[in-house]
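The lines below spell out each chain.
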Amino acid sequence: MLPIKRQLRSLPLKNYVIRALSTSRPSLHFPIDKKTSTSQDEMDHFNQLASTWWDVDGPQRILHKMNLLRMDFIQETLRNSIDLNQDVESPDEEIYIPGYNIDLLPKPIAEQIIAEQELKREELVKSQPKLKALDIGCGGGILSESLARLKQIESVKGVDLSTDVLEAAKLHQRLDPSLHDKLQYRLSAVEDISKDEQFDIITMFEMLEHVNYPNEVLKSALGHIKPGGWLFISTINRDFISWFTTIFMGEHVLKIVPVGTHHLDKYINETELQDWFKEQKDFKVANSKGCIYLPFNGWSFTDSPNVGNFFMAIQRTK
Amino acid sequence: MLSRHIPNVTQVSTTISKRTFIISTLATLTNSQYFKNIQLADEIEDIHNKLPFPQMDEFIQQAREPLHEDRKFPDGRIKLNSLEQSSIFLISGISALLNPANGTHINNFGEVSSFEFVLKNLRDQMLQTSTGRSILRERPLMNNETLDPEWLKTLPENSLGFQYLKFTEDGDSRAPVKLIQDEELAYVFLRYRQTHDIVHILTKSKIDLAGELPVKAFEFGNTGLPMTGLACFAWFKLSDKRKARINMFDSFLNGLQSKPFIGVKWEDFMEWDVEDVRKELGVIPQN
Amino acid sequence: MSLIFKRALATAKSVVPPVKTVDVLIIGGGPAGLTLGASLKNSSITKDLKIELVEGFNLDPVKKFYDETPEHFTNRVVSLTPQTINFLEKTGSWKFIKQDRIQPYDSIVVTEGLSDAKIEFDHHSMATMVENVNIQSSLYQRIKELEQESELKSEDFGLNLRDNTRVEQITKDETNQWPVVHLSTGEQIKTRLLVGADGFNSPVRKFSGIESRGWFYNRFGVVATLKLEFPVFKYAGWQRFLPTGPIALLPLPDDNATLVWSQTVENSEMLTKIDSEIFINLINAAFVLEDVDMQFYYKQLNKGETEGLIEDIQWRINHATQKYSDEQLEENFPLKVVSIEENSRARFPLKLSHADSYVSERIALVGDAAHTTHPLAGQGLNMGQMDVQSLVGAIEKGMQRGLDIGNPLVLEPYWADRYPENHLLLGVVDKLHKLYSIRSEPIVALRSFGLKAVNSMSLLKDFMIGKVSGK
């Protein structure tokens, strides 16, 4: 199980990004004007960066693989939140949802039930307004692009504090015509986003463990979520397994990320987050899952969110 | 017990009466096999009590009872099971060895020792050429009816037909095939048998033992029939003088290198000069 | 020289047509390509993809087949497994299959030419014989139906079929590296994902640089559509392994049947040319007679000597079958072939090939473009259908994850899913072909013993049927 440190992968940027979301260290940010004038050398640099970042067989392969799991987690959470029978007026119109594992039914029947549910779900999604998403710590845009390609997403805003990775993200965005109108990147900290900007989905993956004041960052993020909207986060439990996999194996043995990338004391336990969100008015934890990296097999979900890496989905109830 | 068509069984008992254990073993074996055969069970009901040896004569007597019709094929061949076949193989083989003058033993042994795969191989040689196939299809017999002696007589002296007539004048027509189970293979064997005289003519071999042996060696090379090969061992019985006169191995090689005789339509060669026939088929005559 | 110069001038003058951009460009309008197009449009997840399908040949016979069904059976007939049919049902195309032209069968009798070994597989509707054009037509009809159901204008529906169009060249777009396919019409299509359903000589595979390994079997498959002496009572497939290659006679409705006969290069050419009466007799002979007879006939026919051949064949067949009762004849041999559909004889080379990979960046290969097999197990088309099913699944999953469907991360699971299974099947079929090409007697004895042994083990047979029919 190897940790994913998107920003840290582009080694020259490591220092800027480590505190990416900590407002306490503004000096580490690139000067804003840096991106207004781009020389040919810099363009080459960005191109190089974009192509390494986006090479699925390159150094970021584990991150690309984890992105699959993130999207699965988001999709599953959104799907399960849809009440298939929300607009039903008579029981006849109800979509049958068995109260037990559907696989217990004979295959053709199970398939038919699932097909019916899918059809209804699709109808509901279609009838609902499209969603606005904010990807905090978007890096090279791996998750931002994925979100932007979903049918039910209206627009995605990706923010990061590194000009380099944002330039790389923008370069890559241009390669796919379907992303032109749906995705924009901004050099910005979450605290600096205008209070008026509200989103249906905010994502904050593999970020909290690098932040000095996670609670401030989380609070800022929550302030941008529309009623009924979602916050998706992922981070690492503060336990022996995490130390062994992310620090001992990841940094020292396999040297996948530079030594010093992680600090065990900044890891946050799943239970601590659960407790923290219980105190937040109008928010509830809707989904929480562990995940594990198996060599040769990629990432997969586990049933133990309190060991190693984990995902969490928080919904604003009002 | 093996049937009246195999009268040699009686001779076996007289010829080698001292070797009682072989006969009694064979008798027991064949008897027990017969017990499984319901059709014959009635006939040999009491044999079980009478065996082994002291009642041998009676047993043989029993064996000479006429066969049920359903033990025969329509063309007169005899249906045999594998144990019967092996019994005849042993009995006729031993008899032939001890009494080579008796043609019946040799005929029977020749038939039962021609295992299916050997005959199939011969048949396949025939199936590989148009002529061979037409022989198999038309199944011509070489006898006085098909090769009219009056006609053969009119042919030149050095023609194959005339020579053939001379050679078979003694009325030595070839025995019908009795013991080969497959009817097509039975014909193949018959054809081989009817070709035997031609081999004599083409290899210029006489019909005494010293003449017969090179023919056997030639046939072994040409057909691969086991009996022809086994017959070659009789060479050891020859006097040294005669041994020196014949070269078995050359004959064998000659047979091997000549065209397969089984696929030759001799009927069409009757008017040919014998020398031309030899050239055509690649046969080198003795001396 | 002057020609080249003129051409160059002409090119310089001509206006470069605008490049069309699509999500999926399928090269090849065979069953695999059409199934892919129909399935993608049938899936709620992928139905909005803009798809273009390019076929080199004329698809008019496919388009017309449903409404103007030809009277006679065509000679390209395949055996579909229940698994494939299930997939086509899900795609919604199976209902457009002309049901009176297909024939399910319940058993297959396999014998061999060098011994009397026999194995019989029984399973209700273990496979179904369907004409290729029937499958293609059903898919075409399904695509038309989907277009109507979408209530979109045909240019907005997003699945454009073009036939009589060849791929001239494939290049890469300079800015985003997407494949650009240059067509014989002069048009260019830029695509997010380029799918090669373009057969053994796949231009897409060549463009992708994916290596394909394999060999020519030195055999051709001779096909023909035949009439039997009377309508079949029990529908069965018949296959006999001859040393020159297996011959298979498979049922079509009523008294019709279809032939696939693997033959040496020389014999296959001869078989497509000889008098049809002799051809028919030779088929009947091939299921009954021994190798030596067949070899004699091949020899004669290759020399052009046909006199008395039919009588000879009939003599041998009578001779070989006279010992059987009518019941035994029915059990051991197929019904006699009495005539052949005119112009239905054709031959095609038999090859084994397997691409090292089925995917690379923005490229996927399906069907024969990825693998070709000896037809002795009738698995070629079914493998292609399973490829398509798997690829559609991978694309759906990729779309749900918001990925670019040309991304190798989307396509790799398809390859990982299909490669091992196809590889195993290709290997087994190849070994079977080799095993039955041997004439050596001990090997013949051994394999006949093996076949008989398997024949007596019903559990193992059920397992094998399951494997082949995909149950």
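Residues numbered from 1 in each chain as written. Chains lettered and ligands numbered in written order. Predicted model: local features only at pLDDT ≥ 70, side-chain atom pairs only at ≥ 80, totals over all residues.

## Section: the overall build of chain C
Within chain C one finds 16 helices and 18 strands. For 471 residues, the compact-globule estimate of 2.2 N^0.38 gives 23 Å, and chain C sits close to it at 24 Å. Reported as C-alpha extents along the three principal axes, the dimensions of chain C are approximately 75 × 60 × 45 Å. In chain C, which comprises 471 residues, the share counted as buried stands at 48%. (Helix = DSSP H or I, 4+ residues; strand = E, 2+ residues; numbered from the N terminus. Rg over C-alpha atoms; globule rule 2.2 N^0.38 Å. Buried ≥ 20, exposed ≤ 12 C-beta atoms within 10 Å, placed from the backbone.)

## A closer look at unusual backbone geometry
Generally, phi is negative for residues other than glycine and the peptide bonds are trans, each holding for most cases. Residues and elements named next belong to chain C. A positive phi angle, near 55 degrees, is found at Asn 164, a position not held by glycine. Assignment of secondary structure puts Asn 164 in the loop between β6 (159–162) and β7 (167–172). Residue Asn 164 is classed as partly exposed on the basis of its 13 C-beta neighbours within 10 Å. Residue Asp 254 is not a glycine yet carries a positive backbone phi of 55 degrees. The topology assignment puts Asp 254 in the loop between β12 (245–251) and β13 (256–264). Its 13 C-beta neighbours within 10 Å are what place Asp 254 among the partly exposed residues.

## Overview of the UniProt feature "binding site: S-adenosyl-L-methionine" (unreviewed entry) in chain A
All names here are of chain A. This chain's UniProt record puts "binding site: S-adenosyl-L-methionine" (unreviewed entry) on Arg 70, Gly 137, Asp 160 and Phe 205. By the secondary structure assignment, Asp 160 is in strand β2 (residues 153–160). According to the C-beta neighbour criterion, Asp 160 is buried, with 29 such atoms within 10 Å. With respect to the helices and strands, Phe 205 occurs in strand β4 (residues 199–205). The class for Phe 205 is buried, based on 26 C-beta atoms found within 10 Å. Apart from the residues within four sequence positions on either side, Phe 205 is in contact with Arg 70, Leu 143, Ile 233 and Ser 234. (UniProt positions renumbered as here; feature names shortened; annotations may be inferred. Contact = placed C-beta atoms within 7 Å.)

## Things to note about the pairing of strand β1 (residues 131–136) of chain A
Residue and element names in this part refer to chain A. The buried fraction of β1 amounts to five of the six residues, a majority that puts the element mostly inside the structure. In this fold, the crossover linking β1 to β2 by way of helix α6 (residues 142–149) has right-handed handedness. Sheet analysis places β1 next to β4, joined by three bridges and oriented parallel. Paired with Leu 134 across the two strands is Ile 202, which belongs to β4. (Right-handed = clockwise from strand over helix to strand, strands pointing away. Pairing = 2+ DSSP bridges.)

## Notes on the interface of chain C and chain A
Residue-level contacts link twelve residues of chain C with 15 residues of chain A. Residues belonging to the side of chain C that touches chain A are distributed by class as follows: three nonpolar, seven polar and two charged. (Nonpolar A, V, L, I, M, F, W, Y, C, P; charged D, E, K, R; others polar.)

## Some thoughts on the packing of helix α2 (residues 31–42) of chain C against helix α13 (residues 380–400) of chain C
Residue and element names in this part refer to chain C. Following both chains from N to C, one finds α2 and α13 inclined at 30 degrees, their axes separated by 9 Å at the closest point. When the axes of α2 and α13 are compared, the pair comes out roughly parallel. Here α2 runs over α13; the crossing is right-handed. In this structure, α2 contributes Pro 31, Ala 32, Thr 35, Leu 36, Ser 39 and Leu 40 to the contact, and α13 contributes Leu 381, Gly 384, Gln 385, Asp 387, Val 388, Leu 391, Val 392 and Ile 395. (Axes fitted to C-alpha atoms, helices over the stretch in contact; angles between N-to-C directions. Parallel < 35°, antiparallel > 145°, perpendicular 65-115°, else oblique. Left-handed = near helix turned anticlockwise from the far one by under 90°.)

## Some words on the interface of chain B and chain C
Taken together, the contacts link six residues of chain B with six residues of chain C. Of all the secondary structure elements, the ones that give two or more residues to the side of chain B that touches chain C are α8 (116–127) and α9 (130–138) of chain B. Tallied by class, the residues present in the side of chain B that touches chain C amount to one nonpolar, one polar and four charged.

## Looking at the environment of Gly199(C)
Residue and element names in this part refer to chain C. Mapped onto the elements, Gly 199 comes out in the loop between β9 (188–196) and α7 (203–208). Judged by the 19 C-beta atoms lying within 10 Å of it, Gly 199 is partly exposed. For the pair Gly 199 and Lys 299, spaced 100 residues apart in sequence, the C-alpha to C-alpha distance is 34 Å.

## Let's talk about the sheet that holds β4(A)
Residues and elements named next belong to chain A. Taken together, the eight strands give an open sheet; going across it, the order is β3-β2-β1-β4-β5-β8-β6-β7, and neighbouring strands pair in mixed fashion. Edge positions in the open sheet fall to β3 (183–187) and β7 (298–302), since each of these has one partner strand only. Taking each pair of neighbouring strands and ignoring which way they run, the sheet shows an average axis angle of 20 degrees. Against the sheet, α6 makes contact with β1, β2, β3 and β4, and its axis sits at roughly 170 degrees relative to β2, the strand it touches most. Sheet strands touched by helix α8 (residues 214–222): β1, β4, β5 (225–236) and β6 (283–294). Its angle to β5, the strand with the most contacts, is close to 150 degrees.

## Some remarks on the UniProt feature "binding site: Mg(2+)" (unreviewed entry) in chain A
All names here are of chain A. Here, UniProt's "binding site: Mg(2+)" (unreviewed entry) annotation points to Glu 206, Glu 209 and His 210. Mapped onto the secondary structure, Glu 209 falls in the loop between β4 and α8. Using a count of 24 C-beta atoms within 10 Å as the deciding quantity, one classes Glu 209 as buried. Setting aside chain neighbours within four positions, we find Glu 209 in contact with Thr 235, Ile 236, His 262, Lys 266, Tyr 267 and Ile 268. The residue His 210 is located in the loop between β4 and α8 in this model.

## Topic: the domain arrangement of chain C
Residue and element names in this part refer to chain C. For chain C, the domain assignment lists domain 1 (2–98 + 133–211 + 356–433) and domain 2 (101–129 + 217–348 + 435–469). Using only C-alpha atoms to locate each centre, domain 1 and domain 2 end up separated by 34 Å. At the junction of the two partners, domain 1 supplies 22 residues and domain 2 supplies 26 residues. If you list the elements that add at least two residues to the side of domain 1 that touches domain 2, you get β3 (77–80), α4 (82–91) and α14 (408–435). Residue classes in the side of domain 1 that touches domain 2 are distributed as ten nonpolar, nine polar and three charged. (Domains from an automatic or database assignment.)

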